[in-house]
Amino acid sequence: MNAFKTLDDAALAGRRVLVRVDLNVPMEGGAVSDDTRIRAVVPTIREIADKGGRVVLLAHFGRPKDGPEAKFSLRQIVDALAERVGRPVAFAADCIGPAAAGAVAALQDGDILLLENTRFHKGEEKNDPAFVEALAALGDVYVNDAFATAHRAHASTEGLAHRLPAYAGRCMQGEIEALEKALGSPERPVLAVVGGAKVSSKIDLLENLVGKVDILVIGGGMANTFLAAQGIAVGKSLCEHDLAETARRILDKAKAARCDIVLPVDAVVAREFKAGAENEVVPVDAVPADAMILDVGPKSVATIAARIDGARTLVWNGPLGAFEIEPFDRATVAAARHAAERTRSAGLLTVAGGGDTVAALNHAGVAEAFSYVSTAGGAFLEWLEGKPLPGVEILRK
Ligand SMILES: Nc1ncnc2c1ncn2[C@@H]1O[C@H](COP(=O)(O)OP(=O)(O)OP(=O)(O)O)[C@@H](O)[C@H]1O
Ligand SMILES: O=C(O)[C@H](O)COP(=O)(O)O
């Protein structure tokens, strides 16, 4: 049972419905390389349009720092979105002000409009009341379908729910129901795999996570920060040296909580971040000063596989390496396939989440074989920690 209202409770016909979605999808060469997050919000968009609502989509894309930038424009998502929804999607070059107001005013019942990246305005991340007002002026009803961004208390994910009648969309509703069903009381041992590149925004989560899971495998860019914190030289690898103290605190906390931490013992290193770059496998304490770690090595993969064999539940966010560029996808693909095989043969419960994590599972051809795949990465980890998600909590009020 959900304590929040859903589309079943909303009067939508003839109303301007502001729908927050997560369209923060992976791109390659200017094209969407994994459309999972787009497909996840199609049912909500179609349902609102079919009920006669005027759909006004709000979303962010990437992490722009100083206002509008072409590489963070949602314009590049419009065609992929329209194709998945199977209907035309209009676009407005700003999410507030005259461009947005004009585009919203032109909508007929059942029409769909995507507004430009909300993060082009500083008020979005600050949850600034004036920016919330400017967004609220464009709608009569607010629907939040962005579970993957529900850990952010931003104007379009939280602020708007104070101003307009607020409802959960079908993706939001489905994610919460599925995660509660799968992981409400997980069978132990619980193994978490955390990798990826968003080190600074995810490292703090690990402090609580080590109190919840039995084994924590750390890979990807995240592992480099932990290796460096232990005095290991990681060359030119993606690494947040100023987080060394945080990493050491997490290692201490894990020991106290009897959570096993598994760090890579070997790594695939290269001097260029590009497909087919010359590479070699080295022990983690022998990374050349001019090279970077782009994947965990084969010995580490064997350890991870053995840990998967001993687990009853696996939760995964963040690829083990730079899986988009071959051959640095090997560890992620091998671990994903191993987990999928254990799901089939041993009933391992496998739950994964995250924009690039889902893309990596699709790349490995095993997304369908996992027990559940969430659209959310950071939000999924925070949900696992037991932290209230601002975007969800406000819907429950
Ligand atoms: N060793 C590494 N060096 C550089 N980049 C890496 C390394 N390992 C993984 N990555 C990169 O991490 C990125 C994914 O990290 P991220 O934390 O964004 O995961 P995610 O599943 O998308 O989660 P979220 O949905 O929270 O963004 C990929 O683009 C991948 O190339
Ligand atoms: O990719 C994600 O996890 C969500 O879209 C949130 O993005 P953010 O970490 O930049 O807030």
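- In the nomenclature of an unreviewed UniProt entry, the chain is known as Phosphoglycerate kinase of Prosthecodimorpha staleyi.
- Per UniProt, the comment on the chain under Catalytic activity (unreviewed entry) is "(2R)-3-phosphoglycerate + ATP = (2R)-3-phospho-glyceroyl phosphate + ADP".
- One UniProt comment on the chain, placed under Pathway (unreviewed entry), says "Carbohydrate degradation; glycolysis; pyruvate from D-glyceraldehyde 3-phosphate: step 2/5."

## Details of the domain arrangement of the chain
So, step 1. Domain boundaries in the chain define domain 1 (7–173) and domain 2 (185–384).
So, step 2. Between domain 1 and domain 2, the residue contacts involve 13 residues of the former and 17 residues of the latter.
So, step 3. Here domain 1 and domain 2 share an interface that buries about 1100 Å² over both sides, 57% of which is from carbon and sulfur atoms.
So, step 4. Considering only the surface of domain 1 that becomes buried against domain 2, Arg37, Phe147 and His151 emerge as the three largest contributors, covering 40% of it.
So, step 5. Linking domain 1 to domain 2 there are 0 salt bridges.
So, step 6. Across the domain 1-domain 2 interface, the total number found is 4 residue pairs in polar contact (both at pLDDT 80 or more).
So, step 7. Top element by residues in the side of domain 1 that touches domain 2 is helix 1 (residues 36–50). It accounts for 3 residues.
So, step 8. Residues that form the side of domain 1 that touches domain 2 fall into these classes: 6 nonpolar, 2 polar and 5 charged.

## Comments concerning the site of ligand 1
So, step 1. Around ligand 1, the surrounding shell holds 21 residues, and the nearest of these are Lys198, Lys202, Glu324, Asp356 and Thr357.
So, step 2. Here an oxygen atom of ligand 1 and a side-chain polar atom of Arg37 are 3.0 Å apart.
So, step 3. Within the backbone of Ile293, a nitrogen or oxygen atom sits 3.1 Å from a nitrogen atom of ligand 1.
So, step 4. For ligand 1, whose unbound accessible area comes to 640 Å², protein coverage reaches 90%.

## Some remarks on the UniProt feature "binding site: ATP" (unreviewed entry) in the chain
So, step 1. Following the UniProt record, the feature "binding site: ATP" (unreviewed entry) maps to Lys202, Glu324, Gly354, Gly355, Asp356 and Thr357 here.
So, step 2. Along the polypeptide, Asp356 turns up in helix 13 (residues 355–364).
So, step 3. Here Asp356 is in contact with Pro26, Pro319, Phe323 and Glu324, once residues within four sequence places are set aside.
So, step 4. By secondary structure assignment, the location of Thr357 is in helix 13.
So, step 5. A distance of 3.3 Å separates a polar side-chain atom of Thr357 from the backbone oxygen of Gly353.

## With respect to the nonpolar core
So, step 1. In terms of nonpolar packing, the biggest core is built from 79 residues, with Leu115, Phe147, Leu160, Leu206, Leu209, Leu216 and Phe226 touching the most fellow members.
So, step 2. Among the elements that take part in this core, helix 9 (residues 220–229) stands out by supplying 6 residues, more than any other.
So, step 3. Both of domain 1 (7–173) and domain 2 (185–384) provide at least three residues apiece to this core.
So, step 4. Look past the residues within four positions of Leu115 in its chain and what remains in contact with it is Val56, Leu57, Leu58, Leu74, Phe91, Ala92, Asp94, Cys95, Ala100 and Leu138.

## Observations regarding the environment of Ile394
So, step 1. Mapped onto the elements, Ile394 comes out in helix 15 (residues 390–396).
So, step 2. For Ile394, a relative accessible area of 9% gives the class buried.
So, step 3. With 152 residues separating them along the chain, Ile394 and Asp242 place their C-alpha atoms 34 Å apart.
So, step 4. Filtering out sequence-adjacent residues up to four positions away, Ile394 remains in contact with Thr157, Glu158, Ala161 and His162.

## Considerations on the UniProt feature "binding site: (2R)-3-phosphoglycerate" (unreviewed entry) in the chain
So, step 1. Per the UniProt record, the feature "binding site: (2R)-3-phosphoglycerate" (unreviewed entry) sits at Arg37, Arg119 and Arg152.
So, step 2. Relative to the helices and strands, Arg37 is located in helix 1.
So, step 3. On the basis of relative accessible area, Arg37 is assigned to the buried category, the value being 10%.
So, step 4. Ignoring any residue separated from it by four or fewer positions in sequence, one finds Arg37 in contact with Asp22, Asn24, Val25, Ala148, Gly354, Gly355, Thr375, Ala376 and Gly377.
So, step 5. Residue class for Arg119 comes out buried when judged on its relative accessible area of 9%.
So, step 6. Contacts of Arg119, omitting those with residues within four sequence positions, involve His60, Gly62, Arg63, Pro64, Glu124, Glu125, Thr149, Arg152 and His154.

Conventions we followed
- Residues numbered from 1 in each chain as written.
- Chains lettered and ligands numbered in written order.
- Predicted model: local features only at pLDDT ≥ 70, side-chain atom pairs only at ≥ 80, totals over all residues.
- Heavy atoms only, no water.
- UniProt positions renumbered as here; feature names shortened; annotations may be inferred.
- Domains from an automatic or database assignment.
- Contact = heavy atoms within 4.5 Å.
- Buried area = accessible area lost by both parts, 1.4 Å probe.
- Salt bridge = Lys/Arg side-chain N within 4 Å of Asp/Glu carboxyl O.
- Polar contact = N/O pair within 3.5 Å; in protein donor to acceptor, adjacent residues only side chain to side chain.
- Helix = DSSP H or I, 4+ residues; strand = E, 2+ residues; numbered from the N terminus.
- Nonpolar A, V, L, I, M, F, W, Y, C, P; charged D, E, K, R; others polar.
- Near = heavy atom within 4 Å.
- Areas by Shrake-Rupley, 256 points an atom, 1.4 Å probe, with all protein chains shown as cover.
- Core = buried A, V, L, I, M, F, W, Y, C linked by side-chain atoms within 4.5 Å.
- Buried < 20%, exposed > 50% of the residue type's maximum accessible area, 1.4 Å probe, protein only.

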